[in-house]
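Here are the chains, one letter per residue:
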Amino acid sequence: MADDTKSAPTSSASAMWGGRFAAGPSAVMEAINASIDIDKRMAEDDIAGSLAHAAMLAATGVISSGDAAEITRGLTQVRDEIRAGNFPWSAALEDVHMNVEARLKAIIGEPAGRLHTARSRNDQVATDFRLWLRAACDRIDAGLEAYQRALVEQAAKQIDQVMPGFTHLQTAQPVSLAHHLLSYVELAQRDRGRFSDARKRLNESPLGCAALAGTAFPIDREMTAKALGFDRPMANSLDGVAARDFALEVLAASAICAVNLSRFAEEIVLWCTRRFGFATLSDAWSTGSSIMPQKRNPDAAELVRAKPGRIIGSLTGLLVVVKGLPLAYSKDLQEDKAPTFQAIDDLELALAAMAGMAGDLTFHGAAMEAAAGEAYSDATDLADWVVRVLGKPFRDAHHISGSIVRLAETAGVTLSDLPLATMQSVEPGIDERIYSVLSARASMQSRTSFGGTSPVRVREQVEAWTSRLSA
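What you see is a predicted model; the values in this text were computed from it and never measured.

Rules of the game
- Residues numbered from 1 in each chain as written.
- Predicted model: local features only at pLDDT ≥ 70, side-chain atom pairs only at ≥ 80, totals over all residues.
- Heavy atoms only, no water.
- Helix = DSSP H or I, 4+ residues; strand = E, 2+ residues; numbered from the N terminus.
- Rg over C-alpha atoms; globule rule 2.2 N^0.38 Å.
- Buried < 20%, exposed > 50% of the residue type's maximum accessible area, 1.4 Å probe, protein only.
- Lys, Arg positive; Asp, Glu negative; His and termini not counted.
- Charge placed at Lys NZ, Arg CZ, Asp CG, Glu CD.
- 1 Å grid on protein atoms, 1.4 Å probe; cavity = no way out; pocket = protein on both sides within 12 Å on 5 of 7 lines; lining within 4 Å.
- Points joined across faces, edges and corners; volume = space filled by probe spheres on them.
- Nonpolar A, V, L, I, M, F, W, Y, C, P; charged D, E, K, R; others polar.
- Expected span 1.5 Å × (residues − 1).
- Arc of directions from axis to C-beta.
- Contact = heavy atoms within 4.5 Å.
- Core = buried A, V, L, I, M, F, W, Y, C linked by side-chain atoms within 4.5 Å.
- Patch = residues over 30% accessible without salt bridge, like charges linked within 9 Å, V, L, I, M, F, W, Y side chains within 5 Å.
- Areas by Shrake-Rupley, 256 points an atom, 1.4 Å probe, with all protein chains shown as cover.
- Salt bridge = Lys/Arg side-chain N within 4 Å of Asp/Glu carboxyl O.
- Pairing = 2+ DSSP bridges.
- Axes fitted to C-alpha atoms, helices over the stretch in contact; angles between N-to-C directions.
- Parallel < 35°, antiparallel > 145°, perpendicular 65-115°, else oblique.
- Left-handed = near helix turned anticlockwise from the far one by under 90°.
- Polar contact = N/O pair within 3.5 Å; in protein donor to acceptor, adjacent residues only side chain to side chain.

Topic: the overall build of the protein chain
Within the protein chain, the regular secondary structure consists of 19 helices and six strands. Against the 2.2 N^0.38 benchmark of 23 Å for 471 residues, the protein chain shows a C-alpha radius of gyration of 31 Å, more extended than a compact globule. Taken along its principal axes, the extent of the C-alpha atoms in the protein chain is 100 × 55 × 40 Å. Within the protein chain, the fraction of its 471 residues that count as buried is 46%. With 48 positive and 58 negative side-chain charges, the protein chain shows a separation of 1 Å between the mean positions of the two kinds.

Right, here's the structure in full:
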């Protein structure tokens with residue numbers, strides 16, 4: 001163990017730092033300093049930034065066109081090697097930037113040393129990270145859209161299927177199953193909006209901010225920003241290298257999205273139990289037990305339900321890393337990528353799983369309809385009838401309905417089976433017309449207000465979402 005703290009021989013990394021250091025870092029320093037295992041997944045973003053930077057340096061006369069051509073040729077070869085899986089990654093070179101630059105030098109020689117003119121690893125990594133997160137936002141949006149499509153396709157089949165709606169997990173009022181599914185489509189659309197907003201704000205280029213203060217070279221930051229698809233260069237060089245709120249915003253959107261997915265995952269878990277019996281997942285989305293042969297477990301839904309713990313942890317972790325950092329760059333910021341990459345990986349997997357399960361679910365209509373009629377879910381319809389037909393104030397009607405429910409409970413019957421005379425003992429004005437509203441299906445069909453659960457309204461929403469997602 002003692003040897004771990006001794007200085008290692010001069011490394012390639014210290015050689016790239018320049019002449020300030022006479023000896024290499026200790027083995028422990030190399031271990032804590034290296035990030036290559038994490039940030040190498042940004043290699044193509046790094047190369048894209050370097051290609052744009054080299055082209056700009058040549059266009060502004062900072063380097064020759066010949067050197068830029070060689071740099072472009074070498075970077076293209078590096079990219080091909082990475083894609084082919086035969087790139088020689090080295091932990092001694094710390095990070096993706098130095099690994100790419102060292103390999104570039106091995107390929108083209110002296111011109112490689114000109115690539116780092118007018119930039120720093122500080123603006124380089126910030127650029128790479130923004131490029132990577134921008135693509136991640138696009139992938140997540142596509143995943144959310146696929147999830148929405150699966151939900152809408154299911155909803156289109158279930159417009160007339162009645163199910164119990166719940167408050168406090170107690171049977172409340174009957175609703176259309178399609179209406180229930182479409183509520184998650186709306187949630188997913190707001191998630192898409194959050195990622196779209198985050199993408200817009202992160203789509204500014206730090207490239208050319210250099211270490212923290214900009215550069216004395218006559219660079220064209222508008223040119224590199226445009227080449228990389230950014231909307232504009234960042235206006236303040238300190239902000240350009242120090243900001244990580246763009247990653248925090250994506251993580252916050254990811255955490256909210258994961259929570260929204262988890263709520264539906266929890267319902268799938270409940271619906272697939274024998275106690276509910278509302279739905280079944282196929283073998284593709286279920287597992288068994290190592291000891292209980294009868295078991296059929298909705299493990300995919302349970303694992304999605306667990307993902308918010310990891311993703312919220314990533315957000316919280318990065319918030320703590322950033323919270324006390326003075327401007328501009330500190331090495332603490334190297335800890336930004338691991339939690340972010342993990343959170344995005346978790347969210348993308350959860351989205352794919354939820355889209356798959358949403359399309360896979362087989363619903364058991366009879367069980368849903370029977371449950372929808374339980375627990376006096378039509379009591380509000382009775383009260384509404386008293387208001388609408390007898391002209392009573394709703395508070396009075398609420399009391400009347402509650403009293404009738406108490407009588408039905410005592411008799412052990414549903415409202416629709418309660419004798420008319422018993423209802424009239426509470427409110428003499430009630431007549432046989434009351435029975436037309438005392439069923440789960442009638443209750444569902446009556447909710448015709450905008451956004452309501454009536455199949456008339458739900459069909460409109462299914463058609464609107466089908467059109468919207470096909471546009």
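Examining empty space enclosed by the protein
Using the criterion set out here, one finds three cavities of 30 Å³ or more in the structure. Approximately 40 Å³ is the volume found for the second largest cavity. For the lining of the second largest cavity, the secondary structure elements donating two or more residues are helix 4 (43-59) and helix 6 (96-108). The greatest single-element share of the lining of the second largest cavity, amounting to three residues, is contributed by helix 6. Residue composition of the lining of the second largest cavity, by class: two nonpolar, four polar and three charged.

Re helix 19 (residues 455-470)
Look at helix 19: 22 Å from first C-alpha to last across 16 residues, which is about the 22 Å you get at 1.5 Å a residue. Every buried residue of helix 19 is listed here: Pro455, Val458, Val462, Trp465 and Leu469. Taken end-on, helix 19 shows its buried residues confined to a sector of 85 degrees, consistent with a single buried face. Each element contacted by the buried residues of helix 19 is listed here: helix 7 (121-157), strand 2 (170-176), helix 8 (177-202) and helix 18 (440-446).

Re the layout of surface pockets
When its volume is computed, the largest pocket comes out at roughly 360 Å³. In terms of lining residues, the largest pocket is bounded by 13 residues, among which Phe166, His180, Tyr184, Arg263 and Glu267 are the most central. Of all the secondary structure elements, the ones that give two or more residues to the lining of the largest pocket are strand 1 (162-167), helix 8 and helix 11 (245-271). Per element, the largest residue contribution to the lining of the largest pocket is five residues, and it comes from helix 11.

Description of the environment of His398
Mapped onto the fold, His398 is located in helix 16 (residues 394-411). Among the residues examined, His398 registers a relative accessible area of 45% and is labelled partly exposed. A sequence separation of 16 residues divides His398 from Leu382, and the C-alpha atoms of the two residues are 8.6 Å apart.

Let's talk about the environment of Ala102
With respect to the helices and strands, the residue Ala102 is situated in helix 6. A relative accessible area of 26% means that Ala102 is categorised as partly exposed.

Considering unusual backbone geometry
In this structure, Ala328 follows Leu327 across a cis peptide bond, with omega equal to 10 degrees. Its identity as a non-glycine residue notwithstanding, Glu94 has a phi of 70 degrees, on the positive side. The backbone phi angle of Ala375 is positive, close to 60 degrees, even though this residue is not glycine. Within the secondary structure layout, Ala375 lies in the loop between helix 14 (365-372) and helix 15 (379-390).

A look at the nonpolar core
Formed by 71 residues in total, the largest nonpolar core has its most connected members in Tyr147, Phe195, Leu261, Phe264, Leu347, Met354 and Met357. Secondary-structure elements contributing two or more residues to this core are helix 7, helix 8, helix 11, helix 12 (299-322), helix 13 (337-360), helix 14 and helix 19. The element that contributes the greatest number of residues to this core is helix 11, accounting for 15 residues. Non-local contacts of Met357, meaning those with residues more than four positions away in its chain, are made with Ile268, Leu281, Trp285, Ala300, Ala301 and Val304. With 23 residues, the next largest nonpolar core counts Ile36, Ile63, Ile108 and Ala112 among its residues.

Here's the deal with a nonpolar patch on the surface
On the surface, Leu212, Leu238 and Leu327 cluster together into a nonpolar patch covering about 270 Å² of accessible area. Along the chain, Leu327 turns up in the loop between helix 12 and helix 13.

Observations regarding the pairing of strand 1
Here strand 1 runs beside strand 2; their pairing, made up of five bridges, is antiparallel. For Val162, the partnering residue across the bridge sits in strand 2 and is Ser176.

Quick word on the packing of helix 5 (residues 65-84) against helix 6
Across the interface, helix 5 lies against helix 6 with an axial gap of 9 Å and an inter-helix angle of 120 degrees. Regarding the angle of helix 5 to helix 6, the classification is oblique. The two elements helix 5 and helix 6 cross, and the hand of that crossing is right-handed. Across the interface between the two elements, Glu70, Ile71, Arg73, Gly74, Leu75, Gln77, Val78 and Glu81 of helix 5 pack against Val100, Arg103, Leu104, Ile107 and Ile108 of helix 6. Of the residues belonging to the contact of helix 5 with helix 6, the class tally is seven nonpolar, two polar and four charged.

What to know about the side chain of Asp46
By the secondary structure assignment, Asp46 is in helix 4. Despite its burial, Asp46 pairs with no opposite charge, the nearest such side chain being Arg119 at 5.6 Å.

A word on the pattern of salt bridges
Counted according to the given criterion, the structure contains 29 salt bridges. Between Glu110 and Arg114 there is a salt bridge; the shortest N-O distance is 2.7 Å. Ionic pairing is found between Asp381 and Arg447, a salt bridge with its closest N-O pair at 2.8 Å. Of this pair, Asp381 sits in helix 15 while Arg447 is found in the loop between helix 18 and helix 19, placing the two residues 66 residues apart along the sequence.

A word on the side chain of Gln124
Along the chain, Gln124 falls in helix 7. For Gln124, the side chain forms a polar contact with the side chain of Asp46, separated by 3.0 Å. Leaving out residues up to four positions away in the same chain, Gln124 has contacts with Asp46, Ser50, His97, His116 and Arg119.

By themselves, these are just geometric observations and shouldn't be taken as functional.
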